[in-house]
Amino acid sequence: MAAPDAAPPLPKTESSLSFTQGLLLGQLSIVLLLGAFIKFFIFGDPPSADVTASLRATERRSRTLAHKRSLLSLRSTSTPSSQTRTLQKKRSSVLRNPPPLTTNTILSKTYYNVDAHQPESLDWFNVLIAQTIAQFRSDAQHDDAILTSLTQALNSNSRPDFLDEIKITELSLGEDFPIFSNCRVIPVDEDGLVLGDIRKGGVGGGEREHGRLQARMDVDLSDFITLALETKLLLNYPKPLVAILPVALAVSVVRFSGTLSISFVPGTAGNATTLAFSFLDDYRLDLSIRSLVGSRSRLQDVPKIAQLVEQRLHMWFDERCVEPRFQQIELPSLWPRKKNTRGGEEGVGVERESLGRAKGKEVQRDLREEARREVEAEQRAKVESERVEAEGLRWRRRARGEEYAMPGSMPGGLGMT
């Protein structure tokens, strides 16, 4: 009986062709994905500055409104006794106790009508702030303290492992000054909410007992404040320092405009009075970001890098001093003291004391250096006078024929002819 015929083998050309087609298709898809990533993610055109600012302002406004709604809902569920129990203070038995001051009482005694008073221009305040900033810039030109502080802050322990040492290549503190204007005073409660908004929300229909006054002013700055850095991106996988990519970045603040709110927070038992300030959510911060990536084939001004850096800077600013967050500065005691007195008949001594406190270690170091130079000058003058005196004595003795014999010479050897 004959064996059945075996099935004919498949042609090798078809299998090799299908494998080649799959390999080419896979490589082509990878190239297309890589090209799309580079085109749209790295070199894609960023949205306009106006659109970006509008989106950020809307996001900040929604966050502020959510915070206010949460505070109002908490107050509606709490009792008035629980709100005022923690604010009671021990009164003195010697000092006369005037009636408690409310925001309306302070406004009436200072003849300030919140609804009818015109906003102030704050020209005098602009001059004081400009003098302070000018002095700060002048001190920075002669002292590397700000450069040292920034370098230490950038290279602190929080620096990621994939970043090499960060070096500051350029630092410009600007030339112009912020302009404050349109200042107005409004009553707010202890949480910073406007009393009118609270009454509209249906909580506390009357005046709140423990309110305070808040000054709000518009601020505008058009300048060019620049900080330029350079570092290296380190690739530590699968082994340390597999690749190194140099990166240079320059960030400039072009313009800032917003509303600044300032208020005094009364001190409680054991706590000093503080000055609280924050910016409303309607601010605008325009930045100019330049980047340079690579060593030989360099990529300049990558849009995605600029977007990431700008987003991080806005987030950093929002998390620190944009409402509902605020900054507090502890104020010293304003009671007059002898040690704080300046001028008058004791002008010379007090002026020296004030100078020493203002300059501190720098003045002491200069004084020590000057004293050292004076001591060295006195020593040099003393040595010079002794040398001149010895030289004159030797010439006088030579003129009288009384010259000392040279060491090792025979006595009377100078008189031999």
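Residues numbered from 1 in each chain as written. Predicted model: local features only at pLDDT ≥ 70, side-chain atom pairs only at ≥ 80, totals over all residues. Heavy atoms only, no water.

Enquirer: Just give me the short version of the side chain of threonine 259, but keep the residues and values in it.
Expert: Among the secondary structure elements, threonine 259 is positioned in strand E4 (residues 243-265). Residue class for threonine 259 comes out buried when judged on its relative accessible area of 4%. A polar side-chain atom of threonine 259 sits 3.5 Å from a polar atom in the side chain of aspartate 218. When neighbours within four sequence positions are excluded, threonine 259 is seen to be in contact with Arg184, Arg216, Met217, Asp218, Ser278, Phe279, Leu280 and Asp282. (Helix = DSSP H or I, 4+ residues; strand = E, 2+ residues; numbered from the N terminus. Buried < 20%, exposed > 50% of the residue type's maximum accessible area, 1.4 Å probe, protein only. Polar contact = N/O pair within 3.5 Å; in protein donor to acceptor, adjacent residues only side chain to side chain. Contact = heavy atoms within 4.5 Å.)

Enquirer: Can you tell me about the packing of aromatic side chains, naming the residues and giving the values?
Expert: Counted by the stated rule, this structure contains seven aromatic pairs. Here phenylalanine 125 and phenylalanine 180 contribute two aromatic rings whose centre-to-centre distance is 5.3 Å and whose plane-to-plane angle is 75°, an arrangement assigned as edge-to-face. In this pair, phenylalanine 125 sits in helix H5 (residues 123-142) while phenylalanine 180 sits in strand E2 (residues 179-188), placing the two residues 55 residues apart along the sequence. Judged by its relative accessible area of 9%, phenylalanine 180 is buried. With centroids separated by 5.3 Å and ring planes inclined at 85°, the aromatic side chains of phenylalanine 256 and phenylalanine 279 adopt a geometry described as edge-to-face. Taken as a pair, phenylalanine 256 in strand E4 and phenylalanine 279 in strand E5 (residues 274-279) lie far apart in primary sequence, 23 residues in all. Each member of the pair, phenylalanine 256 together with phenylalanine 279, is buried. (Phe/Tyr/Trp six-rings, centres within 6.5 Å; stacked < 30°, edge-to-face > 60°.)

Enquirer: Provide a residue-level description of the nonpolar core, including the pertinent values.
Expert: As a rule of thumb, soluble globular proteins bury nonpolar side chains together. Residues Phe180, Met217, Phe256, Phe279, Tyr283 and Phe317 are the most contacted members of the largest nonpolar core, which totals 18 residues. Of all elements in the fold, only E2, strand E3 (212-235), E4, strand E6 (284-293) and helix H8 (303-321) reach the threshold of two or more residues within this core. Discounting residues that sit within four places of it in the chain, phenylalanine 180 has contacts with Ser121, Leu122, Phe125, Asn126, Ile129, Met217, Asp218, Val219 and Leu260. (Core = buried A, V, L, I, M, F, W, Y, C linked by side-chain atoms within 4.5 Å.)

Enquirer: Please set out the pattern of salt bridges residue by residue, giving values where relevant.
Expert: Any two side chains of opposite charge can pair, so long as their charged atoms come close to each other. The full count for this structure, using the stated rule, is seven salt bridges. In this structure, glutamate 310 and arginine 56 form a salt bridge, with 3.2 Å as the shortest nitrogen-oxygen distance. Of this pair, glutamate 310 sits in helix H8 while arginine 56 sits in helix H2 (residues 49-77), and the two are 254 residues apart along the sequence. As a salt-bridge pair, aspartate 281 and arginine 61 come within 3.3 Å of each other at their nearest N and O atoms. Of this pair, aspartate 281 sits in the loop between E5 and E6 while arginine 61 sits in helix H2, placing them 220 residues apart in sequence. For aspartate 281, a relative accessible area of 6% corresponds to the buried category. (Salt bridge = Lys/Arg side-chain N within 4 Å of Asp/Glu carboxyl O.)

Enquirer: Describe unusual backbone geometry, with residues and values.
Expert: Across the junction of glutamate 323 and proline 324, the peptide omega takes the value 10°, indicating a cis bond. Within the secondary structure, proline 324 sits in the loop between H8 and strand E8 (327-330). At leucine 122, a residue that is not glycine, the phi angle is positive and equals roughly 65°. Topologically, leucine 122 is positioned in the loop between helix H4 (103-109) and H5.

Enquirer: Could you give an account of H5, naming the residues involved and the relevant values?
Expert: Here H5 spans 29 Å end to end across 20 residues, near enough to the 28 Å set by a 1.5 Å rise per residue. Residues of H5 that are buried include every one of Asn126, Ala130, Arg137 and Ala140, and no others. Summarising the axial view, the buried residues of H5 lie within an arc of 85°, below the 170-degree limit, and thus occupy one face. Opposite the packed face of H5, turned more than 90 degrees from it, sit the exposed residues Trp124, Gln131, Thr132 and His142. Buried residues in H5 make contact with helix H6 (145-154), E2 and E3. (Expected span 1.5 Å × (residues − 1). Arc of directions from axis to C-beta.)

Enquirer: Any details on the side chain of aspartate 223? Residues and values, ideally.
Expert: Here aspartate 223 lies in strand E3. Apart from residues lying up to four places away in sequence, aspartate 223 is in contact with Arg137, Gly174, Glu175, Asp176, Val253 and Val254.

Enquirer: Provide a residue-level description of the confidence of the model for the protein, including the pertinent values.
Expert: Of all residues in the protein, 72% attain a pLDDT of 70 or more, and the chain-wide mean is 76. Within the model, pLDDT remains below 50 along residues 402-417, and this stretch shows eight contacts once partners closer than five positions in the same chain are excluded. (pLDDT = per-residue confidence, 0-100.)

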